[in-house]
Amino acid sequence: MRLQRILGLVAALGVITCICAFHTTAAVIIPLEVLGHVNIEQLPTITAQSPSSLIAFPFDESFPMTCEAKGNPEPEFRWMKNGQEFDPFLDPRLMKEENSGTFVIPNNGNLTEYQGTYRCYASNKLGTAISKEIEFIVPHVPKFPKETLDPVVVEEGQPFTLKCDPPKGIPPLQIYWMTISLQHIEQDERVSMGLNGDLYFSHAVEKDSRRDYCCFAAFPRIRTIVQKNAMSVIVQTSTCQSSFFRRPSLLTPSSARSETQLVKEEDLKLECIAEGFPTPQVEWVKVGHRLPIKAKLENHGKLLIVPRVEQEDSGKYMCKAKNALGEAVHYFTVTIEGNYSMGYNVLIKCSASGTPQPTITWRVNGVPLQEAPAANRKVLGDTILLRNAKASDSAVYQCEASNRHRTLLSNANIMIMNLPPMILTKEGEDYSAVEGKGVMMHCKVFSSPPSTVTWYVCSCLPHTSREQFAVHDNGSLEIYSVEKGDTGQYTCLAKNTEGSSAIDTMLYVKDPTRIVVPPEHLQILIGTTAQLSCLAEYDESFKNDIELLWEKDDMEIALNYTENSSKSVKLKWNPGDNHNSSTTEFIIEYEESQWEPGNWKELLRVPGNHNSAVLKLHGNVDYCFRVSGVNSVGRGPSSEPTERYKPPAAAPDKNPENIKIEGHLAHEMDINWEPLLPIEHNGPGLEYKVSYRRQDLEEDWQEHMVKRHSFVVKNTPTFVPYEIKIQAKNNQGWGPDPKIVTGYSGEDFPSAAPDDVAVEVMNSSVVKVSWTRVHKDKLHGHLGGYRINWWRLRSLVDSKKSHGDKHTLTIPGDRNHAAVPGLTPFSEYSLIVMTFNGRGNGPGSHPVNFKTPEGDVQKHTVSLVWAPPLEPNGILTGYLLEYQLINDTEEVGPLQTVDISNPDTTKWTLRDLEPVSKYKLYLRSCTTVGCGLVVSEECTTTLETIPALLNVHSAVSDSFANISWISGGEHREFYIAYMNNRKLIFFPLFCPDEKAKACQSHRVLFSSGLASIHGGISTQGWFIGLMCAIALLTLIVLIACFVNRNKGGKYSVKEKEDLHPDVESQGMNDDTFCEYSDNDEKPLKGSQHSLSREIKAGDSGDSLVDYGDEDVQFNEDGSFIGEYAGRKEKRVSAEIKATVQTPA
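Being a predicted model, the structure only gives us computed values, none of them experimental.

Considerations on the overall build of the protein chain
Broken down by element type, the protein chain carries five helices and 81 strands. Here the protein chain holds 1144 residues, and 40% of them are scored as buried. If you take every contact in the protein chain between residues at least 6 apart in sequence, the share linking residues at least 24 apart comes to 66%. Within the structure as shown, the protein chain displays about 63,900 Å² of accessible surface, and the carbon and sulfur contribution to it stands at 51%.

Structure follows, in structure tokens:
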């Protein structure tokens, strides 16, 4: 079973252990060597699983939900999500792997539905293993709780602990203790941080008093560091110094004993932190054995780490904290899970501790224990007892310990079997050891029940009686100090109830190597020869391996070296005067006479205590060298140049680099590379061998020799992968074997359009477009992205078709959806989607028509839409939006700031702005380093849009008229107008909220007097003649007024409008989009106006003809069906003040 350590949890759930009762040998794991010789059925074991928290980072392409298991027979897999069955094969968006429990969640933007807690089940006929719970989450920024921390008051000499309790976050977690000024809290034998992040003080001293102890929790994966509120420590000075002295006791762990269980290859970490005065020292011991060689101590000896534990690392460990007054000890029992034998009582124990106390839940093969009863199984609290275990008791047992802070899960494979011993160590191994040194001879055994291992020497009595001999639990024989007489044949015998097995091995004891005649001190005259002797004795078997090394002043002396050979030369010099400042380094320069004569270049730098250097040169280059020294003052003059030295020509040392493969045409592949420098030719006749072949076919290399540094491969298939290598050659031979690079032949236009194009209307000016990605076989190149083209077909107000300008939105990368902003409300549009690569656009999809709804926005708002930056220069963390009121005056309003922390946000609405006012907006994209360049726009706020009515119909009789309409939305106020005796009559209609949808028609009743006039007088001839005369007179008066007005020029109101355009008369969409300004279609100025309810019935005597030069349209029954538009409507806005509302 497995120990899982969680740093900083309030509940440090304890160790889960398995113990085999009535047997001294721990359970073992079936080695792979055994499985290669014997077909042993095995319970399923989870071998790979995703971490407990699978984080959905926005920049990751996919998220693998890993579940791999081994067993015999092969296990089958199933998943549970939030406690319910979950089959990944039923979701076509998930990517599955055959013969595996792993599935992959793609990052397609719709990750919310996959959030939850998953668990994998791996089963075969013997049992079921389950994974730990895997939580698929979206990352958030962890935070320490806001709390007021009371000062820690402690007497001098007493121990105390500062708690960190870091917040949960994305592992790994790194904890630091620092001051507010970011100075690390000094740690030593007295002060140290534990594995849980707490800061322990063995005893308090006066300098511990401070007010800025800060715990910092770092989460590198999300590049976040959070800080806990500063803690204060007050150390009260004590006058009784004798009370300081105290024998050690352990601050952690708190109990005297603890149990730890690991599986093979995990890291073992044991920690002991003690308090006392003087400061205790911690020692570590493995009871009955030496500490493992790979064990290491950290945290001033308080932390023991054994990396990648093996079976032999199990056992009992002890930490001892001691000072002059006494000591304190703690025992750790370390065990490893494994198999058990038939006929034994099996005890499975699950120990857990925490605050609050964890609850233990048992499962067998993933099923709660009570649902799978067994007669010989008994549960005793945190322990399961299997009496007289049988093969049928083989199963995977799960222990789950949980409290409100965390849940820990461990699997224990209980395999009940009997097998005779199998010795896995190779027969006839030879071991050699130097006399006086130690040796370890191995005898790795697998059996069930465990075997007794005995070693014999020369087939005689067991050879384990000497103190220098020890047989380890894994069967190995260790001799601590070998003697000459230990040479010989050794036999390892393994025996259990099922049989026995043995192997032989040889041990050879070698004579040690000794210097019998060392060098002696010499005093000689300058210029004479000094001879130093060194005579050594060694074992005869080492005669081919012996090597004598000489050192001078701790520097190795190279003997029998060659001054120059081929393309290397050894340069020597005599240091000059250093002018009372030690030489720190020497600079070696070279000059060559063929390519750049007279140009000295730096070749090498060596330390100032050297007076020679071996230089590696190019062939066929005429060199000369010079040396200069450097000290603390600066660089000195260079030496005189050496004589020229020209190494012989040689084959090239390197091949071209920076190979680029491009395809400018569909059936060609351009190969370019960086040529060798002239000095790198190493000789005359440099050429390049270009080799290429299809990567997806098994074919021979095509080879061409060229002298230039480019080559074009013609008649290639479109966009297929090629392997390319380029090798240099000169007259002396070939360069080294070249590296193979991969590239693609030329691209062609995509041949398919996206399918399943769908449009989802988000609001009156934004739609979401989705499509099915084009298959990679149809791309014929590297995918550049997708483009959406759209154009406006008509306005739904007047139903007049007018093909608008085409707009284009480019979406880079492999996406299958995008938002199209900047649309005109209440319009019909058409769009197509196409993909593109490096060559160009592919065919467009079938056009999709859609309609945008009426505009209905809040008052005084501005909406923005933008696209993410193509090159964010890092991981995008969000946007910084700033805005201020400008209004064409010298004074501007204060700058307001909006911090948009979600990097996926591409639109924002500013609310509660000043009505009919001009604002300037600034937008910048941000990374963890800072924010980039600013993009600015100017926008103007408006009032609320009042939509027009559609499909107005009327039916008129002598006493009433039925009027019906379609409002296109839920509206509560309407105005009805009709003509009677050339008078335009208005009256309002108010609908309650609950009947807003029902207000789509109304009946207008006429008075009886009007009806009688309409039915009586209007039929008399004299009345008809009178009316004709009046009409003719009225017509003459109107013509005279018209001529008179044309002579007088523009009205003053018109002149005022021309000089100062009314901002409120500009129609707008439901949002003011500040980015899509090119080719956007604007609504007709002044359109969609409505009269205010402030117009009284008594003011309705004016005719509509008074407001314009054109005829007003009426139905045949005389009812009003028109609406003010264009120039005429603007005059209404000017003449009837404060009674007209402009659209928002």
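Read on, since the account is not over.
Focus: the sheet that holds strand 32 (residues 367–368)
What the four strands build is an open sheet, ordered 32-31-35-36; its pairing is antiparallel. Single-partner strands in this sheet number two, and they are strand 32 and strand 36 (407–414).

What about the sheet that holds strand 42 (residues 469–471)?
Strand order across the open sheet formed by three strands is 39-43-42, with antiparallel pairing between neighbours. Taken across any chain shown, the strands that pair with only one partner, and hence form the sheet edges, are strand 39 (439–441) and strand 42. Strand-to-strand, the axes of this sheet are offset by a mean angle of 20°, without reference to chain direction. Direction of pairing for strand 42 relative to strand 43 (residues 477–479): antiparallel, over a ladder of three bridges.

Focus: a nonpolar patch on the surface
Taken together, the side chains of Leu 1032, Leu 1035, Ile 1036, Ile 1039, Phe 1042 and Val 1043 make up a nonpolar region of the molecular surface, amounting to roughly 560 Å² of accessible area. Topologically, Val 1043 is positioned in helix 3 (residues 1021–1048).

Thoughts on a negative patch on the surface
Taken together, Glu 547, Glu 551, Asp 554 and Glu 556 make up a surface patch of like negative charges. The topology assignment puts Asp 554 in the loop between strand 48 (550–552) and strand 49 (555–557).

A look at the state of the cysteines
For the structure shown, the criterion picks out six disulfides. Two residues share a disulfide in this structure: Cys 164 and Cys 215, whose sulfurs sit 1.9 Å from each other. Between Cys 164 and Cys 215, the disulfide has an S-S torsion of -60° and is therefore left-handed. Of the two residues, Cys 164 is situated in the loop between strand 14 (160–162) and strand 15 (174–178) and Cys 215 in strand 18 (residues 210–219); the sequence distance between them amounts to 51 residues. Taken as a pair, Cys 164 and Cys 215 share a single burial class, namely buried. Two residues, Cys 350 and Cys 399, share a disulfide whose sulfurs are 1.8 Å apart. Handedness of the Cys 350-Cys 399 disulfide follows from its S-S torsion of about -55°: it is left-handed. In this pair, Cys 350 is assigned in strand 30 (residues 346–350) and Cys 399 in strand 35 (residues 395–402), connecting sequence segments 49 residues apart.

A short note on the nonpolar core
Side chains of a nonpolar character, in soluble globular proteins, are inclined to be buried together. Within the largest apolar cluster, 30 residues are counted, with the highest numbers of intra-cluster contacts made by Phe 63, Met 65, Trp 79, Phe 103, Ile 105, Tyr 118 and Phe 136. Where this core is concerned, the elements lending two or more residues are strand 2 (42–49), strand 4 (62–65), strand 5 (67–72), strand 9 (103–106), strand 10 (116–124), strand 12 (134–137) and strand 37 (419–423). Element by element, the count of residues in this core is highest for strand 10, at three residues. Residues contacting Met 65, with those up to four places away along its chain left out, are Ser 50, Leu 54, Trp 79, Gly 101, Thr 102, Phe 103, Ile 105, Tyr 118, Ile 134 and Phe 136. With 24 residues, the next largest nonpolar core counts Ile 55, Phe 57, Cys 164 and Ile 175 among its residues.

Structural notes on the confidence of the model for the protein chain
On average, residues of the protein chain score 78 in pLDDT, and 77% of them reach the 70 mark or higher. Here residues 1–26 is a poorly scored stretch, pLDDT under 50, and it has 100 contacts once near neighbours within four places are set aside; other chains count. Considering only residues more than four positions removed or in separate chains, one finds that residues 1007–1019, a stretch of pLDDT under 50, has nine contacts.

Comments concerning the pattern of salt bridges
The full count for this structure, using the stated rule, is 31 salt bridges. With its nearest N and O atoms 2.7 Å apart, the salt bridge here joins Asp 212 to Arg 210. On the basis of relative accessibility, which here comes to 33%, the residue Arg 210 falls in the partly exposed class. Its salt-bridge partner being Asp 748, residue Arg 839 comes within 3.6 Å of it at the nearest N-O pair. Within this pair, whereas Arg 839 is found in the loop between strand 69 (827–837) and strand 70 (848–851), its partner Asp 748 is found in the loop between strand 63 (741–744) and strand 64 (755–761), the two being separated by 91 residues in sequence. Connected through salt bridges with shared partners, the residues Asp 91, Arg 93 and Glu 113 form a single ionic network.

Notes on the pairing of strand 55 (residues 623–630)
With six of eight residues buried, strand 55 lies mostly within the body of the structure. Here eight bridges tie strand 52 (residues 585–592) to strand 55, and the two strands are oriented antiparallel to one another. Note that in strand 55 the partner of Phe 586 across the bridge is Gly 629.

Details of unusual backbone geometry
With an omega dihedral of -5°, the bond running from Thr 252 to Pro 253 counts as a cis peptide bond. One can find Pro 253 in the loop between strand 21 (246–252) and strand 22 (257–262). At the junction of Phe 277 and Pro 278, the peptide bond is cis and its omega measures out at 0° in the coordinates. One can find Pro 278 in the loop between strand 24 (273–277) and strand 25 (281–286).

Digging into the pairing of strand 67 (residues 807–812)
Residue alternation in strand 67 divides its side chains into a buried set, His 807, Leu 809 and Ile 811, and an unburied set, Thr 808, Thr 810 and Pro 812. Judged from the six bridges that link them, strand 66 (residues 783–795) and strand 67 form a sheet pairing that is antiparallel. In the sheet register, Tyr 786 faces strand 67, and the bridge partner there is Ile 811.

Description of the side chain of Gln 261
Inspection of the secondary structure puts Gln 261 in strand 22. At a separation of 3.4 Å, a polar atom in the side chain of Gln 261 contacts the side chain of Thr 335.

Concerning the environment of Pro 172
Along the chain, Pro 172 falls in the loop between strand 14 and strand 15. Taking the C-alpha atoms as reference points, Pro 172 and Pro 220, separated by 48 residues in sequence, lie 7.0 Å from one another. Look past the residues within four positions of Pro 172 in its chain and what remains in contact with it is Ala 218, Phe 219, Pro 220 and Arg 221.

How each quantity is defined
Residues numbered from 1 in each chain as written. Predicted model: local features only at pLDDT ≥ 70, side-chain atom pairs only at ≥ 80, totals over all residues. Heavy atoms only, no water. Helix = DSSP H or I, 4+ residues; strand = E, 2+ residues; numbered from the N terminus. Buried < 20%, exposed > 50% of the residue type's maximum accessible area, 1.4 Å probe, protein only. Contact = heavy atoms within 4.5 Å. Areas by Shrake-Rupley, 256 points an atom, 1.4 Å probe, with all protein chains shown as cover. Pairing = 2+ DSSP bridges. Axes fitted to C-alpha atoms, helices over the stretch in contact; angles between N-to-C directions. Patch = residues over 30% accessible without salt bridge, like charges linked within 9 Å, V, L, I, M, F, W, Y side chains within 5 Å. Salt bridge = Lys/Arg side-chain N within 4 Å of Asp/Glu carboxyl O. Lys, Arg positive; Asp, Glu negative; His and termini not counted. Charge placed at Lys NZ, Arg CZ, Asp CG, Glu CD. Disulfide = S-S within 2.5 Å. Core = buried A, V, L, I, M, F, W, Y, C linked by side-chain atoms within 4.5 Å. pLDDT = per-residue confidence, 0-100. Polar contact = N/O pair within 3.5 Å; in protein donor to acceptor, adjacent residues only side chain to side chain.

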